[in-house]
2 protein chains.
Amino acid sequence: MSKTPLTVEQIYTLAYDCLRANGCDDANAAATAKTVSTAERDGSESHGLYRLPGYVASLRSGKVAGNAVPTVEQVTPAAIRLDGNNGMAPLALEVGIPVLAEAAKALGIAVLAIRKSHHFAALWPETEALAEQGLVGIACTAHTPMVAPYGAKKAFFSTNPISFAWPRPGKDPYVFDMATAAKAHGDVGIAARDGHPLEPGIGLDAEGNPTTDAAAVLNGGVILPFGGYKGSAIATMIELLSAGLVGDHFSYEAGEADNKDGGPAQGGQLIIALSPKLIAGDDWGAHSEGFLSRLENMDGIRMPGKRRHQNRLSTEPRFIKTELVEKIRSLT
Amino acid sequence: MSKTPLTVEQIYTLAYDCLRANGCDDANAAATAKTVSTAERDGSESHGLYRLPGYVASLRSGKVAGNAVPTVEQVTPAAIRLDGNNGMAPLALEVGIPVLAEAAKALGIAVLAIRKSHHFAALWPETEALAEQGLVGIACTAHTPMVAPYGAKKAFFSTNPISFAWPRPGKDPYVFDMATAAKAHGDVGIAARDGHPLEPGIGLDAEGNPTTDAAAVLNGGVILPFGGYKGSAIATMIELLSAGLVGDHFSYEAGEADNKDGGPAQGGQLIIALSPKLIAGDDWGAHSEGFLSRLENMDGIRMPGKRRHQNRLSTEPRFIKTELVEKIRSLT
């Protein structure tokens, strides 16, 4: 498969220009292009330029407003509501994260409930942004139904990702960002596109039978939750936190409301920030390093996020599928 | 195996008298006996009277103070520290939960960090206590090493449970309480005691080989995390939240500090409470019921906590192993 070398800056510009050409104002195009280009910078193909045709489809269908201005409502000093006003999530996050961080630094804990936003990216940008300020970040969101609850054969949950970041002074944070599905939807999509089989236990076909065919999972089948009934319970918690607690669509509601243009559904996102300095006290950094350094030095351990942080350091071009680059250029 | 019928009140009295005879003051004996008897009421054998000999061992060894008076420190209006002063967790929770609930009702979110406490019970009592007040509860804790991180063969995590409760007006809450180990330590202990085999994937023996022998897992082996690397990431988060953020022992530290008397190690616990009424608004109840009622009516679904809530309704005696009843009486 032919690939095109692009620097992170070139990826940003490719995304920015494409978004501007499809109705985004400068602020929305810049925030979303940054999200897309940092995903490619970190080696996350499934959340990089791969997402751009979907964003464009939703801008063109009118589902997403390219000129949305997010508005903040401070419900209490610790609880912040943010209305995305039907825009893409990156700008909403750019507005909301600093307000959340400020509240958590003052009160030890704070929550940001984002409504009427269209999230189509990874969650680590928001939790890492908090960790960079010495805060613990927990973020979760919902989308449209793709995952069967444990025991069931029909899609009801989305892949319901959760990200957690713990700050490590002077180091990259400990961070994970994972679908509570056995496999992220973007990765199933890439397997289907490339004709690669799935591992067993990832999905069911349209008849409810186990399958390793990614296309069968996407065409009327379902993804399974990770970790059986326990993973299914975590997914339920994420639905309740990112929809019930936020006051926006559960996955089943987002699926009913969505116009199926291939872009991001409207939904909510919940982010909690906590201050280890305030809650644990000044020793928190050395104390948690004792744990994390022992963990990462155990035989057989791979720390989540590590490969991404290593990829980030490279100043070399990233290799993007030429077909995708050409498709995005054709949309500009 | 011979069993003895005891009413919930008789179970409470058996536990209370035994704790009083072993150095507990009235407040600590009453709180802990309530925790033990409500576990038996709900059919949770592994957190009921089964725990009492361990409590007694720790009171007798002097590890746990039977007359501890928990002290509350309001770090900020939203962040509360609670020092268990080396006592058992039930009294600390009785003191801390109302302060946490008050803060969450005022601010939308609040956190309770419990230190120097000895937790030896389920976590649902604390999250359900919050749900009874219309709040969402999230609780997690750590203990001593029993679980190998994904990829490793040595114990480093404890079974690191997490409980989540979502209030359902007029109904029992949606609540789960699960070890992030593939199986709870108490349940592995009961399988070993009764000579029952474990399911595959639960544990490794002392040589790091997979085994279904519960005794081999407990004697030098390790339990595995649920859900592979994703479950292991959740367990890491729980270590960081309940030890790093609280400022008390990580599991590896608790293991080093513990006197191995068979009772609960000293450790921390983190509890977060959130107000759906404040964050989502007045519609939160009907909105989340739309989700939960669809979920529980899907084919093949079993809701967590449901069996426990059904057991709770019975006014009949509970059947306790006679050997255990006699052992507890001999400790009184």
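Basis of the calculations
- Residues numbered from 1 in each chain as written.
- Chains lettered and ligands numbered in written order.
- Predicted model: local features only at pLDDT ≥ 70, side-chain atom pairs only at ≥ 80, totals over all residues.
- Heavy atoms only, no water.
- Pairing = 2+ DSSP bridges.
- Helix = DSSP H or I, 4+ residues; strand = E, 2+ residues; numbered from the N terminus.
- Axes fitted to C-alpha atoms, helices over the stretch in contact; angles between N-to-C directions.
- Contact = heavy atoms within 4.5 Å.
- Buried area = accessible area lost by both parts, 1.4 Å probe.
- Salt bridge = Lys/Arg side-chain N within 4 Å of Asp/Glu carboxyl O.
- Polar contact = N/O pair within 3.5 Å; in protein donor to acceptor, adjacent residues only side chain to side chain.
- Nonpolar A, V, L, I, M, F, W, Y, C, P; charged D, E, K, R; others polar.
- Least-squares fit on C-alpha atoms with pLDDT ≥ 70 in both.
- Buried < 20%, exposed > 50% of the residue type's maximum accessible area, 1.4 Å probe, protein only.
- Right-handed = clockwise from strand over helix to strand, strands pointing away.
- Domains from an automatic or database assignment.
- Core = buried A, V, L, I, M, F, W, Y, C linked by side-chain atoms within 4.5 Å.

1. Some points on the sheet that holds strand E4 (residues 109–118) of chain B
Residues and elements named next belong to chain B. Taking strand neighbours across the sheet as the criterion, the 7 strands line up as E2-E3-E4-E11-E5-E6-E7 in an open arrangement whose pairing is mixed. The open sheet has two free edges, formed respectively by strand E2 (71–74) and strand E7 (174–178), since each of these has just one partner strand. Sheet twist, expressed as the mean angle between neighbouring strand axes with direction ignored, is 15°. Here 7 bridges tie strand E3 (residues 79–88) to E4, and the two strands are oriented parallel to one another. The residue of E4 that forms the bridge with arginine 81 is alanine 113.

2. Quick look at the interface of chain A and chain B
Taken together, the contacts link 72 residues of chain A with 72 residues of chain B. Buried area between chain A and chain B, both sides added, is near 5,600 Å², and the carbon and sulfur share of it is 78%. For the pair chain A and chain B, the interface holds 0 salt bridges. Inspection of the chain A/chain B interface yields 23 residue pairs in polar contact (both at pLDDT 80 or more). Per-element accounting of the side of chain A that touches chain B gives the leading share, 11 residues, to helix H8 (residues 228–244) of chain A. Residue composition of the side of chain A that touches chain B, grouped by class: 48 nonpolar, 14 polar and 10 charged.

3. Section: the relation of the copies chain A and chain B
What relates the pair of chain copies is a rotation about an axis plus a shift along that axis. When chain A is fitted to chain B, the best match, at an RMSD of 0.0 Å, comes from turning it 180° and sliding it 0.0 Å along the axis. In short, the pair behaves as if placed about a two-fold rotation axis. By C-alpha distance to the rotation axis, the residue of chain A lying nearest is glycine 227 of chain A, at 1.9 Å. Same-surface contact between copies: 100% of interface residues of chain A are shared with the interface of chain B.

4. Let's talk about the pairing of strand E4 (residues 109–118) of chain A
All names here are of chain A. With respect to burial, E4 is a largely interior element, 9 of its 10 residues being buried. With helix H4 (residues 89–107) bridging strand E3 (residues 79–88) and its parallel neighbour E4, the resulting β-α-β unit is right-handed. The pairing of E4 with strand E11 (residues 266–274) spans 8 bridges and is antiparallel. Looking at E11, one finds that histidine 118 is bridged to glutamine 266.

5. A short note on the domain arrangement of chain A
All names here are of chain A. Looking at the assigned domains, one finds that chain A contains domain 1 (3–181 + 225–293 + 305–331) and domain 2 (182–224). When each unit is reduced to the centre of its C-alpha atoms, the spacing between domain 1 and domain 2 is 23 Å. Across the boundary between the two partners, domain 1 contributes 17 residues, which contact 15 residues of domain 2. Summed over both sides, the interface between domain 1 and domain 2 buries roughly 1,200 Å², with carbon and sulfur atoms accounting for 62% of that surface.

6. A few points about the nonpolar core
Among the nonpolar cores identified, the biggest contains 108 residues, and Phe164 and Leu274 of chain A together with Phe164 and Leu274 of chain B are the most heavily contacted of them. Setting aside anything within four residues of it in sequence, one finds leucine 274 of chain A in contact with Ala104, Gly108, Ile109, Leu135, Val136, Ile138 and Ile279 of chain A together with Val111, Leu245 and Ile272 of chain B.

7. A few points about the sheet that holds strand E9 (residues 210–211) of chain A
All names here are of chain A. Taking strand neighbours across the sheet as the criterion, the 3 strands line up as E9-E8-E10 in an open arrangement whose pairing is antiparallel. Looking along the sheet, the strands with just one partner apiece sit at the ends: E9 and strand E10 (222–223). The pairing of strand E8 (residues 203–204) with E10 spans 2 bridges and is classified as antiparallel. The residue of E10 that forms the bridge with glycine 203 is isoleucine 223.

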